[in-house]
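# Working through the structure, step by step
Letter by letter, the chains look like this.
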Amino acid sequence: MSCCPTMPNSLLWAVDIFGRVYTLATAGQYWELCKDAHLEFKRVSAVKQCCWGIACDNQVYVYVCSSDVPIRHREETYENQRWNPVGGFCEKLMPSDRWQWSDVSGLKHQQLDSLVLPSPHWEWESDWYVDENFGGEPTEKGGWTYAMDFPATYTRDKKWNSCVRRRKWIRYRRYKSRDTWAKIPSHDDPKQLPDPFSDLSIGGWEITDEPVGRLSVWAVSLQGKVWYREDVCHPNPEGSSWSLVETPGEAVQISCGPYDLLWATLWEGQAMVREGIDRNNPKGSSWSIVEPPVPENGIMHISVGVNVVWAVTKDRKVWFRRGVNSHNPCGTSWIEMVGEMMMVNVGLNDQVWGIGCDDRAVYFRQGVTPSELSGKTWKAIIANRENDRSHTGSSSSLLSAGCFFGDEVRGSGDSLAPSDTDTSSEADRPGLVSEYELSSGSSRPCPESSAVGSGALGDSSEEEAALSVNREEKAQVTAPSPRPDPAPAELPWTNIDLKETRKTSAHSAACYAETTSLSSLGLFPMGLEEGYGADDHPLWAWVSGGGCTVETHTVLKWFTVQSGLSTSMQTLSLSITPAQTAAWRKQIFQQLTERTKRELENFRHYEQAVEQSVWVKTGTLQWWADWKPHKWIDVRVALEQFTGNDGTRDSILFIYYMFHEEKKYIHIFLNEVTVLVPVLNEAKHSFALYTPEKTKQRWPIRLAAATEQEMYDWLALLSTSCSESRRIQGRPSPQAIWSVTCKGDIFVSEPSADLEALMHPMPCDQMFWRQIGGHLRVVECNSHGVVWGIGYDHTAWVYTGGYGGGFFQGLASSTSNIYMQSDVKCVYIYENQRWNPVTGYTSRGLPTDRYMWSDVTGLQECTKANTKPPSLHWTWVSDWYIDFNTSGGTDREGWQYASDFPSSYHGYKTMKDFVRRRRWARKCKLVTSGPWLEVAPISLWDVSIIPGCEEGSKDSIALWAISDKGDVLCRLGVSELNPAGSSWLHVGTDQPFISVSVGAFYQVWAVARDGSAFYRGSVSPKQPAGDCWYHIPSPPKQKLKQVSVGQTSVYALDENGNLWYRQGITPSYPQGSSWDHVSNNVRKVSVGPLDQVWVIANKVQGSHSLSCGTVCHRTGVQPREPKGQGWDYGIGGGWDHISVRANTTKALKSVSRETMEDNFSRTTDLEEGDGSGESGFFNKTMLVMNAVQEMNGSAVTC
């Protein structure tokens, strides 16, 4: 398996001086022209999923990036009827009733033909049809629901007093204008239509999660008015209408950040800041004025991020605003930065781009981190355009474009009186002489007729004339003087004002005029659009990084100067082909191998000069004592490793401790250790060591180190020694069992053939688990070695075939197929309050109450100040914010109410509610390494891979997934050689889904958000997406949350932890007949290709305490007993997910059921149900399996 190291392809958008839009990928080296290039733009504003722009006709356009998941919007209307004693239910309603066709409230008249497409960019998917699903259960034929009157509570069953009924009609429309510039329609009142726009900015995607993909789109018109686009979100990328926002003056330019930060510039040079922006009021409430850094040079351009504000004044100086955050959006003071820019733009992670004042090159601010938001240096992006790949720029032009700024932020000056502006300079600004002597030729001013001021406002005033700057193009008349040493491609010059000479080109524009009107950043006239010469770098007018993700560990190729080599070096590098390089390496390796054999031949009769015993590592740790009172005691630890004559190694871990002033020790043979698990908490840097005996006792050996690094050193060494003792090295086998802990650590176990034996099966507490690098929330696998995972941030990852990474790096890790991996998760704390008759809700509780700031249980005090990330490897990437996506709902301020602590919480206040709480969240990020590559760009919630295919089959491996928005997806092109696949195929549904599973013979089951199950019919290699969904009712009064399909068995899990088995599945009726209860107390379930059943148990009673998250194996599963007979407890606790979908290892022997019954006396049940499932079992022979395999999808009936 070979995989190339790739990174997610986010895009940097830019507009050149001719109005053409280009994109530069973070993994690319060339500017690519936008696919829809027939329009010319002044400026653009981009996010990950789309880009908004203002064309030269001053109209607004949106460019929605293509995706395998379509943008769908559901239109719905209700048909209402009343019962008539004469004719029964009819369309004749009472005068006081609602409309015959209405919305859900009944107040709006809404006929089927009244719902039309909002713009030409939409198309209907299908005609209107009746929704026959009500509350997760199918309705009677016709989809009618009944009630006593309008409005009332509707039920799907008709009763004797049901006097009214209604049914819902739905129709989907799809957005079709993707990868093209779509003009924003305007359905507003013509008298209030906004005049042509001069600037726009999009952001606000972090303000709220509802609706999905909500964006804030702000615009400034030529008359200086500020407008806001309503209802822009993922299902409605165009929005609905423009609304005017009052301002204290005439605005020029505007910038919106990801959260609640919004700044704009005024014609007078001041900046205004919008306050009061939140999820309930995304447009804000008021404006505040911020004075410019220097009174004589007002602010010309502004750009904001999460906690940063960058500005460019009219003298082209760059300024940084410090002290900016959500609580103080105005900041405190200005700091002058090195460099002169036309404009700057703040993108994701507060990264900064700019356009140079003299050379019109795009610059990237390096060194921007959460701790140093102002960055360190400016560095020019010297990527060529895609159509210039055959051209090579001259060395001098590349060196000129490759310079960057240095020597950072200006310090605060020593002033007697406090000032809003720091007057101390970052560095003195005398003009520096470069290492090359450059002489300027004669220059001529540009004729005024050649300048086009697109967006100029009326007659030019004296102020505009004073601010106008005419640029002179300098001609390079002398070449750089020769030097003994070749000049480097990147020169660490500081305080450079970008005034460099530019090579004259016959095809480049001779001259142009530049005005300070932000509606036109020096666009060239139409007559000068012949393009650039081969040696000219593009001249840019605008840049937008709102959709460009640049991480700290991201390696960019934007600054590579391959053409800076000498001609002879270029010729040499071009003459060496990769095939020749590979042949040379192979030849050298063979020569070295032969040489080694010759040199060792004379020493073959010597014995191996190594000791049979060697102390590998000793140290001081802490051990959680076995006896009461349990406490941490200091111990001396020693790892002794034995090396046999055959090279095999075994190890013993000694733990020396003092007991009643007597020195004692315990020892553990590492070949008996089953798993080593890091236990990360704030108190100790500890890890747990399990053996079969300790697993039965639910009491592992816990050791703690003084530092986290020391803990990981011990953990890596012990894990490696355990693997060597069991002779398990390298990548996991294709049949391996994968699991994930609640901390996100990934473990694998090689299954034994005796694991599924009917007679004397191997207990699962003897399975050996070893850790694989990376960090995931879910992992799924199949028997062909295809493994996918999903992180806490819903990012999809594919296994590359390596092993190790993380803290195993360099010790027990493969040298290839290990890549950087990141994950983001939220840390939650709760603010609790009790109602007081005098003051209302207050933070003063009763003495018996929980902490006013606590965890979800209320037993642990957790405040904003003392709550830390899960470990030192995690870093905060956001501030604390109120989480409105709490189970049970919240009010407008995020509060949940209840009668007392703890209780059932709801999102509204009643007379009996005396306590309330709200959840605060803060995002933290982990950067690690492991054998995983990101599968961009769709975020996933769940994934499932077909357990196995026929040997030698050329069909692609079936892989289904659920996106984080609830869309059902089918992955195409998945194979052993290409485990990542090629593209997604969207499978239409009427509601969001939360779980999917594909079993043998392409049986696809899924669970919807309302808790009902669905079966996908006619799925086959030739029809990978099937044809239709069959609704499967959920168990009575239960909502399903997960489903897992094996070879002939289907298991489902509900929200209350009950495990259900689907009875009556046959080839002619694959949907089955009923649900049969198996067990409760289950968190996750995984059904293997041999119908083996493994679960993660919620709570298992041990000898000392409850063990949460325990791996359990269902015993006694066979064709005549598909539900099995009992549970065998394995490793625990702290496990969160398991996948046995790849385990095709069969038992070596088969015995009768009578012989097997005695073996299950050792197993116990997880509070099993009544076990009355004899009526549902049937003989699942190979004849049935073959019939399922040969079954025609058209024979499936519902």
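Below: a short report on this structure. Numbering of residues starts from 1 in every chain and runs along the sequence as written. Totals for whole chains, interfaces and linings use every residue, but because this is a predicted model, local features are given only for residues with pLDDT of at least 70 and side-chain atom pairs only at 80 or more, for both listing and counting. Side-chain measures were taken over the full set of non-hydrogen atoms in the model, leaving aside hydrogen atoms and water.

Before going further, it helps to spend a moment on helix H6 (residues 708-725). Comment: elements are numbered from the N terminus, with helices defined as DSSP H or I runs of at least four residues and strands as E runs of at least two. The span one expects for a helix is its residue count, reduced by one, times 1.5 Å. Here H6 is 18 residues long and its end C-alpha atoms lie 26 Å apart, about the 26 Å a rise of 1.5 Å per residue gives. Only protein chains enter the area calculation, which uses a 1.4 Å probe; residues under 20% of their type maximum are buried, those over 50% are exposed, and those in between are partly exposed. Across the 18 residues of H6, 15 count as buried, placing the element largely inside the fold. Residue arginine 727 follows H6 closely and has a positive phi angle near 55°.

Moving on: the sheet that holds strand E45 (residues 769-772). Think of it this way: DSSP has to see at least two bridges between two strands before they count as a pair. Spatially, the four strands line up as an open sheet ordered E45-E44-E43-E73, and their pairing is antiparallel. Of all strands in the sheet, those bounded by a partner on one side alone are E45 and strand E73 (1135-1139). Each neighbouring strand pair of the sheet contributes to a mean axis angle of 30°, computed without reference to strand direction. Taken together, the four bridges between strand E44 (residues 746-749) and E45 define a ladder with antiparallel strand orientation. The convention used is that axes are lines fitted to C-alpha atoms, helices contributing only their stretch in contact, and that angles between N-to-C directions extend from 0 to 180 degrees.

Here we take up the pairing of strand E5 (residues 50-55). A regular strand places its side chains on the two faces of the sheet in alternate fashion. Most of E5 is tucked away: six of the six residues are buried. Across the two faces of E5 the burial is the same, with Cys50, Trp52 and Ile54 and Cys51, Gly53 and Ala55 all buried. Pairing of strand E4 (residues 41-46) with E5 involves five bridges; the strand directions are antiparallel. Residue phenylalanine 41 lies in a different strand from E5, and its bridge partner there is alanine 55. In sequence, E4 turns back onto E5 through a hairpin of three residues.

Turning our eyes to something else, we now look at the environment of alanine 716. Here alanine 716 lies in helix H6. According to the relative accessible area criterion, alanine 716 is buried, its value standing at 3%. Measuring from C-alpha to C-alpha, the distance between alanine 716 and leucine 676 comes to 9.4 Å, with 40 residues separating the pair along the chain.

Geometrically, the link from phenylalanine 150 to proline 151 is a cis peptide bond, its omega value of -25° lying close to zero. Inspection of the secondary structure puts proline 151 in the loop between strand E14 (145-147) and strand E15 (164-175). With an omega of -25°, the peptide bond between phenylalanine 901 and proline 902 qualifies as cis. Following the sequence through the fold, proline 902 ends up in the loop between strand E54 (895-898) and strand E55 (915-930). A positive phi angle, near 70°, is found at arginine 316, a position not held by glycine. Note on placement: arginine 316 falls in the loop between strand E26 (309-313) and strand E27 (317-322). By relative accessible area, arginine 316 is classed as buried at 5%. In this structure, lysine 1037 takes a positive phi of about 60° despite not being glycine. Here lysine 1037 is to be found in the loop between strand E64 (1028-1032) and strand E65 (1040-1045). Look at lysine 1037 and you get exposed, because its relative accessible area is 83%.

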